[in-house]
Amino acid sequence: MSTKVFINLPVKDLGKSKAFYTGLGYSINPHFTDDKAACIVISEHVFVMTLTEPFFATFTKKSVADATKTAQVINALSADSRDEVDDIMKMALASGGSQSMPAMDHGFMYSQSFHDPDGHIWEVMWMDEAALQQS
């Protein structure tokens, strides 16, 4: 089975959101992008659907949370190295994101976290699988 993950996020400004994620090096799938939504391609199996807040609201009976004030989820992505974690963090900050927490270094695991322009929390982490298996 090949499971794909679609993370749906409400956004205030779709253009700003698209610029942020493409600034991280991700692409946009034009087949699932219009004036209400954009499909950000993170990898072959992971996609972020950025939906304007009014459009997002059509998919739930709950009120749409303001991610600048509340945390509902932390989205985590893996990286191939510590340097890649740092590179993604630099791109996030340069593209309009902000640091969420200080870097965490546990030796075998290293991570950085940031907020996207709408306040959603993202964590990028690298894990040394060989060191983990030895412990």
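Since the model is a prediction, treat every value here as computed from it, not as a measurement. (Residues numbered from 1 in each chain as written. Predicted model: local features only at pLDDT ≥ 70, side-chain atom pairs only at ≥ 80, totals over all residues. Heavy atoms only, no water.)

Caption draft 1: A look at the overall build of the chain. Helix and strand counts for the chain stand at four helices and eight strands. Going from N to C terminus, the chain has its helices and strands arranged as β-α-β-β-β-α-β-α-β-β-β-α. Relative to the compact-globule value of 14 Å for 135 residues, the chain shows a C-alpha radius of gyration of 16 Å, a close match. Judged by the C-alpha coordinates and their principal axes, the chain covers about 50 × 35 × 30 Å. Within the chain, buried positions represent 35% of all 135 residues. Within the chain, counting contacts between residues at least 6 apart in sequence, those at least 24 apart form 52% of the total. Here the chain has roughly 8100 Å² of accessible surface; of this, 55% comes from carbon and sulfur atoms. The distance from the centre of the 10 positive side-chain charges to the centre of the 17 negative ones in the chain is 11 Å. (Helix = DSSP H or I, 4+ residues; strand = E, 2+ residues; numbered from the N terminus. Rg over C-alpha atoms; globule rule 2.2 N^0.38 Å. Buried < 20%, exposed > 50% of the residue type's maximum accessible area, 1.4 Å probe, protein only. Contact = heavy atoms within 4.5 Å. Areas by Shrake-Rupley, 256 points an atom, 1.4 Å probe, with all protein chains shown as cover. Lys, Arg positive; Asp, Glu negative; His and termini not counted. Charge placed at Lys NZ, Arg CZ, Asp CG, Glu CD.)

Caption draft 2: Highlighting the nonpolar core. Among the nonpolar cores identified, the biggest contains 24 residues, and Tyr 21, Phe 114 and Trp 122 are the most heavily contacted of them. For this core, the elements supplying multiple residues, two or more each, are strand S1 (5-11), helix H1 (14-23), strand S3 (37-41), strand S4 (46-52), helix H3 (82-94), strand S7 (109-115) and strand S8 (121-127). In terms of residue count, H3 provides more of this core than any other element does, four residues in total. Leaving out residues up to four positions away in the same chain, Trp 122 has contacts with Ile 7, Leu 9, Tyr 21, Val 48, Asn 75, Leu 77, Gln 112, Ser 113, Phe 114 and Asp 116. (Core = buried A, V, L, I, M, F, W, Y, C linked by side-chain atoms within 4.5 Å.)

Caption draft 3: Structural context of the packing of aromatic side chains. On inspection of all chains with the given rule, the structure shows five aromatic pairs. Considering the side-chain rings of Phe 20 and Tyr 21, the 5.0 Å spacing of their centres and the 85° angle between planes classify their relative orientation as edge-to-face. Looking at Phe 20, the relative accessible area reads 0%, which means it is buried. Summarising the aromatic geometry, the rings of Phe 55 and Phe 59 are spaced 5.1 Å apart at their centres and angled 80° between planes, so their arrangement reads as edge-to-face. On the basis of relative accessibility, which here comes to 59%, the residue Phe 59 falls in the exposed class. Pairwise contacts between aromatic rings join Phe 20, Tyr 21, Phe 114 and Trp 122 into one cluster. Arg 82 extends its terminal NZ or CZ atom over the ring of Tyr 110, reaching a point 4.2 Å from the ring centre. (Phe/Tyr/Trp six-rings, centres within 6.5 Å; stacked < 30°, edge-to-face > 60°. Lys NZ or Arg CZ within 6 Å of the ring centre and 35° of its normal.)

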